[in-house]
Amino acid sequence: MFLMFNKPKKVLFIDPQMDQIASQGDAGFDIILSPALYWVQKLQLPIKYTHQVKKLIPSLFEDILPEGNYSYTVFKIDDDFFIFAYQDKKIIDLLAQKGIDVAQVAGVYFAQTELMSQLPSAIDENQVLIEQDGIISIAPKKWVEDTHLLELEDLKLSNNKIHLQHYAHIIEKSSITKLVVVMSLFIVILSVEWFVTDQKIMQIEEEKSQLFSKYNLLPTMLQNRSIHKRYKKIFEKQTKLREYIAAILRIKLQKKQKITLVALEQGVLHVTISGATKNLQNTLAKQLKAAKKKLNTQLQGDLLDMKVQL
């Protein structure tokens, strides 16, 4: 499948399941890669610059990638690092198979960096782009109820692009000795930076441990978020209760009128007033309605029974 629109440079979304396209003459292309054509990880690291992360990328993908020759890149978006691994030859071969001249490709982008604002978006009759934990992936369309067709016509591309290397998969024998020397230097630099990074991580973990101990927090953030959510609900409920009681206590009663009961039962504030009149009932209804309280009143004789839903 493919999506193409009339722009100075036409934007194509490519996926292994796309149809072959007809020749577009001398038109240039910007290519957005489907998640099926790359691997991505979202990381938060105690370092500041992308060039510091680049040296770590191969090791971070070491146990994930299938066997093959890969290129790597990293982009920083807000406080997160997104690291990518992709196979230049696989992408170039796919473009050729689908009728796209690589010489006309101006830039290559990842769906991860360009399409987050459009999700969930259908890319054909069977597939849809979705987001989970900040990562864009492909899912069967039947799994997602509300989707819309991917729109690229007015898409403003970011600066996060790559250029495919036509011979990235080839290593000449004459370069091996030089490569070994360069890699040895990189290993030394990487070891130093890895040590520094590891020390920073240990420091952060120690500070985290001290913080958890100081405030008697549970071992995991998931548990603490759960507790925070529960206490937040209790706080909101108690705040509403105080507001409702304050509103009721501000009601001006006559000398013979008294509040005889204030009780909380299953999320409902129950208040009883003796010596009440129809006029008092109407007054209460107006005051609490203006305060947007969910009020139910019943007048039996001179006993006014009032219930407010929290």
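What to know about the pattern of salt bridges
Here is step 1: All told, the structure shown has three salt bridges when counted by the stated rule.
Here is step 2: Salt-bridge contacts for Asp80 lead to Lys42; the nearest nitrogen and oxygen are separated by 3.8 Å. Placement of the pair is Asp80 in strand β5 (residues 80-86) and Lys42 in strand β3 (residues 39-43), with a sequence separation of 38 residues.
Here is step 3: Judged by relative accessible area, Lys42 falls into the partly exposed class, the value being 38%.

Regarding helix α6 (residues 221-249)
Here is step 1: The end-to-end C-alpha distance of α6 is 41 Å, a good match for the 42 Å that 29 residues give at a rise of 1.5 Å each.
Here is step 2: For α6, every residue scored as buried is listed here: Asn224, Leu241, Tyr244, Ala247 and Ile248.

Considerations on unusual backbone geometry
Here is step 1: For the peptide bond that leads from Leu119 to Pro120, omega is -5°, which places it in the cis range.
Here is step 2: Here Pro120 lies in the loop between α4 (111-114) and β7 (121-122).
Here is step 3: One non-glycine residue, Asp78, lies in the positive phi region at around 55°.
Here is step 4: With respect to the helices, strands and loops of the structure, Asp78 is situated in the loop between β4 (71-77) and β5.
Here is step 5: Even without being a glycine, Asp133 presents a positive backbone phi close to 55°.

Remarks on the sheet that holds strand β2 (residues 29-33)
Here is step 1: Taken in spatial order, the four strands of this open sheet run β1-β2-β6-β11, and their pairing is mixed. Each having just a single partner strand, β1 (10-14) and β11 (161-162) make up the two edges of the open sheet.
Here is step 2: Two elements, β2 and strand β6 (residues 105-110), share five bridges in a ladder whose sense is parallel. Directly across from Leu33, in β6, lies its bridge partner Phe110.

Describing a nonpolar patch on the surface
Here is step 1: Taken together, Leu179, Val182, Met183, Phe186 and Ile189 make up a surface patch of nonpolar side chains, about 410 Å² in accessible area.
Here is step 2: Here Val182 is to be found in helix α5 (residues 176-214).

As for the sheet that holds β3
Here is step 1: A sheet is described by the order of its strands in space; here three strands give the open sequence β3-β5-β4, paired in antiparallel fashion. Looking at the sheet topology across the chains shown, the edges are occupied by β3 and β4. For this sheet, the mean angle separating the axes of adjacent strands, direction not counted, is 20°.
Here is step 2: Taken together, the seven bridges between β4 and β5 define a ladder with antiparallel strand orientation. Within the sheet, the bridge partner assigned to Tyr72 lies in β5 and is Ala85.

Regarding the nonpolar core
As a rule of thumb, nonpolar side chains are buried together in soluble globular proteins.
Here is step 1: Judged by nonpolar contacts, the single largest core of 38 residues is most densely connected at Phe13, Ile14, Ile31, Ile32, Leu33, Leu95 and Leu115.
Here is step 2: Going through the elements one at a time, β1, β2, β5, α3 (88-97) and β6 are the ones with two or more residues in this core.

Rules of the game
- Throughout, residues of each chain are indexed from 1 in the direction in which the sequence is written.
- Note on the predicted model: pLDDT of at least 70 is required for a residue's local features to be given, and 80 or more for side-chain atom pairs to be given and counted; whole-chain, interface and lining totals, by contrast, use all residues.
- Side-chain numbers here rest on the full set of heavy atoms in the structure, without hydrogens or water.
- Salt bridges are identified by distance alone: a Lys or Arg side-chain nitrogen within 4 Å of an Asp or Glu carboxyl oxygen.
- Under the scheme used here, helices are H or I runs from DSSP no shorter than 4 residues and strands are E runs no shorter than 2 residues, and both carry numbers assigned from the N terminus.
- Relative accessibility decides the category of a residue: with a 1.4 Å probe and only protein chains considered, values under 20% of the type maximum give buried, values over 50% give exposed, and everything between is partly exposed.
- Working rule for helices: expected span equals 1.5 Å times residues minus one.
- Pairing between two strands is assigned when DSSP locates at least 2 bridges connecting them.
- The patch calculation keeps residues exceeding 30% relative accessible area without a salt bridge and links them within 9 Å when they carry like charges or within 5 Å when they are nonpolar (Val, Leu, Ile, Met, Phe, Trp, Tyr).
- Areas reported here follow the Shrake-Rupley algorithm with a probe of radius 1.4 Å; residue values treat only the protein chains shown as occluding.
- Interaxial angles span 0 to 180 degrees and are taken between N-to-C directions of axes, which are lines fitted to C-alpha atoms, for helices over the stretch in contact.
- Here, nonpolar core refers to any group of buried Ala, Val, Leu, Ile, Met, Phe, Trp, Tyr and Cys residues whose side-chain atoms link them within 4.5 Å.

Shape descriptors only; they carry no functional weight alone.
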